[in-house]
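# Architecture and fold: a report
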Amino acid sequence: MATPSSKYVARIIVAPSKNTVGDVLSISIVKSCQSALESRDAFTIALSGGSLPSFLQSLPKSFEIAGVDPQWGKWHVLLADERCVESTHEDSNLGSIQKNFTSHVPIPTKHVYGIKESLISESSLAIAQSYEDNVVKPLLEKSGGMLDCVVLVSSLLATNEYLCFLVYLLSPEIAIFLSSLNQIAINPFVLRIQC
């Protein structure tokens, strides 16, 4: 398996307005999905929570406009980050992703991966380790050693006492850059898309 830094290229995409975020985001996801499904039977995407899931509501229309079959049954959706709460909690990124995106498209429920909630009472480290071992590593194997798309909204980098983990698939240089974003005021509609 290749190391993430040898394959991943991160891009920062700035949407001109909040109203265009969904369309701007969709273009990258459609291209990434199409490319992945041309070479194998799986598309893996890691999503952050917050406002991101609501921006994905335009995704089905974007696939239609592009004339691309999304093949929803081959999608595997994992969390780019999550808070140490149950999926029914209002702060859960998984809950937001399900409510605003996956419940509106025919992605199999078993292909949407949440944290092991029984570990919440233990520690965030136990949750993160379990997620890496039981979700991230198997999906990396299924997808040829890298996820097809990781989408983070810059506002998720703000300090949050509930934050459990952030999928670390970036080169150290990119990780340092992302952590530096937390130190400055950013337009909340700046997206970091790794597709």
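What you are looking at is a predicted structure, and each value in this text was computed from that prediction instead of being measured. Throughout, residues of each chain are indexed from 1 in the direction in which the sequence is written. Owing to the predicted nature of the model, reporting of local features is limited to residues with pLDDT of at least 70; listing and counting of side-chain atom pairs is limited to 80 or more, with chain, interface and lining totals taken over all residues. Side-chain descriptors were evaluated using all non-hydrogen atoms of the structure, hydrogens and water having been removed beforehand.

Right, let's talk about the overall build of the protein for a bit. Counting its regular elements, the protein contains seven helices and eight strands. The rule is simple: take the accessible area with a 1.4 Å probe, protein chains only, and divide by the maximum for that residue type; under 20% is buried, over 50% is exposed, in between is partly exposed. Of all 195 residues assigned to the protein, the portion counted as buried reaches 47%. Throughout, a contact is declared for two residues whenever any of their heavy atoms are within 4.5 Å. For the protein, the share of sequence-separated contacts (at least 6 apart) that also reach a separation of at least 24 residues comes to 78%. Residue exposure ignores everything except the shown protein chains as possible cover, and the areas themselves are Shrake-Rupley values with a 1.4 Å probe. When the accessible surface of the protein is totalled, it reaches about 9700 Å², and 53% of it is carbon and sulfur. Numbering of helices and strands starts at the N terminus; helices are DSSP runs of H or I of at least 4 residues and strands are runs of E of at least 2.

Turning our attention to the confidence of the model for the protein. Each residue carries a pLDDT score, the predictor's confidence in it, ranging from 0 to 100. Per-residue confidence for the protein averages 75 on the pLDDT scale, and 70% of its residues sit at or above 70. Confidence over residues 1-6 falls short of pLDDT 50; this stretch has seven contacts with residues more than four positions distant or in other chains. Under a pLDDT of 50 for its full length, residues 155-195 has, in the predicted model, 102 contacts with residues more than four places off or in other chains.

Turning next to the nonpolar core. What makes a nonpolar core is a set of buried Ala, Val, Leu, Ile, Met, Phe, Trp, Tyr and Cys residues whose side-chain atoms join them at distances within 4.5 Å. Within the largest apolar cluster, 44 residues are counted, with the highest numbers of intra-cluster contacts made by I29, F43, I45, L47, W75 and F101. It is helix 2 (residues 21-39) that provides the largest number of residues to this core, a total of seven residues. Among all residues touching L47, those that are not within four sequence positions of it are L52, L56, V77, L78, L79, A80, D81, I97, F101 and V151.

Tracing the chain through its elements places I29 in helix 2. Classification of I29 by relative accessible area gives buried; the value is 0%. Along the sequence, I29 and L56 sit 27 residues apart, while their C-alpha atoms lie 9.7 Å from each other. Discounting residues that sit within four places of it in the chain, I29 has contacts with F43, I45, L56, L59, F63, W75, C149 and V151.

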